[in-house]
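A look at the structure
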Amino acid sequence: FFLTAFTKIGSFISDIIVNWFFKSKVYTYFPTIKLYLSNHKLLLFNFIVVCLRWLFKGSLMFFLFLAVGQNVSFLTVLFVNSIEIFATFIPLTMMGIGLKESVAVYLYHLEGVDPTVSAAAYLLALVLGYAEAGIFLLIFGWRKNEDTY
């Protein structure tokens, strides 16, 4: 009896808090959340895109490790990639610059990868990312918005 009573009371209180919090705070400051929660297809699409991005970055790092001569399992690369994404939530550096690379080098060192090899792989990934951005900039050009002055 007490367990069901506490469960119902707790459920009622949590419903009140969650509804109040989402309606008054979160929906006001983040209207995209309301859009995602009301449109399940959009939420599923976003989930698929995030998973594909995670797999793409993991496969990129996996092949970069193979390019520098280090054999690291794909699951280890995906796990370290997940941890490094969470490490960027810690506001130590501006936009997590250098933090995710250092966390990844440390985690790969725990897995037995030489830190210079993992740092070289991440340096290659950084150079490839900047080269990709430069190529897109050259192809599509810098377009000035007509509405801004």
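A brief report on the enclosed structure follows.

Conventions adopted
- Residues numbered from 1 in each chain as written.
- Predicted model: local features only at pLDDT ≥ 70, side-chain atom pairs only at ≥ 80, totals over all residues.
- Heavy atoms only, no water.
- Patch = residues over 30% accessible without salt bridge, like charges linked within 9 Å, V, L, I, M, F, W, Y side chains within 5 Å.
- Areas by Shrake-Rupley, 256 points an atom, 1.4 Å probe, with all protein chains shown as cover.
- Salt bridge = Lys/Arg side-chain N within 4 Å of Asp/Glu carboxyl O.
- Helix = DSSP H or I, 4+ residues; strand = E, 2+ residues; numbered from the N terminus.
- Buried < 20%, exposed > 50% of the residue type's maximum accessible area, 1.4 Å probe, protein only.
- Expected span 1.5 Å × (residues − 1).
- Contact = heavy atoms within 4.5 Å.

**Some points on a nonpolar patch on the surface**
There is a patch of nonpolar side chains on the surface, built from L44, F47, I48, L52 and L55 and spanning about 490 Å² of accessible area. With respect to the helices and strands, the residue I48 is situated in helix α3 (residues 40-67). Under the relative-accessibility criterion, I48 is labelled partly exposed at 40%.

**Comments concerning α3**
Helix length check: α3, at 28 residues, gives a terminal C-alpha distance of 40 Å against a target of 40 Å (1.5 Å per residue), a fit within 8%. Among the residues of α3, those classed as buried are G58, M61, F62, L64 and F65. If you follow the buried residues of α3, they end up packed against α4 (74-87), α5 (99-110) and α6 (115-140). G69 sits one or two residues past α3 and shows a positive phi near 90 degrees.

**Digging into α6**
Under the 1.5 Å per step criterion, the end-to-end length of α6 is 37 Å for 26 residues, consistent within 8% with the ideal 38 Å. Looking at α6, one finds that the buried residues are V117, S118, A121, Y122 and A125. Packing partners of the buried residues in α6 comprise α3, α4 and α5. Two residues or fewer after α6 comes G141, characterised by a positive phi angle close to 75 degrees.

**Remarks on the pattern of salt bridges**
Pairs can form between side chains of opposite charge whenever their charged atoms are close. Tallied over the entire structure, the rule returns 1 salt bridge. Close ionic contact of K57 with E84 constitutes a salt bridge, the shortest N to O distance being 2.4 Å. Taken together, the positions of K57 in helix α3 and E84 in helix α4 put the pair 27 residues apart, joining distant regions of the chain.

These figures come from the coordinates and say nothing about function on their own.
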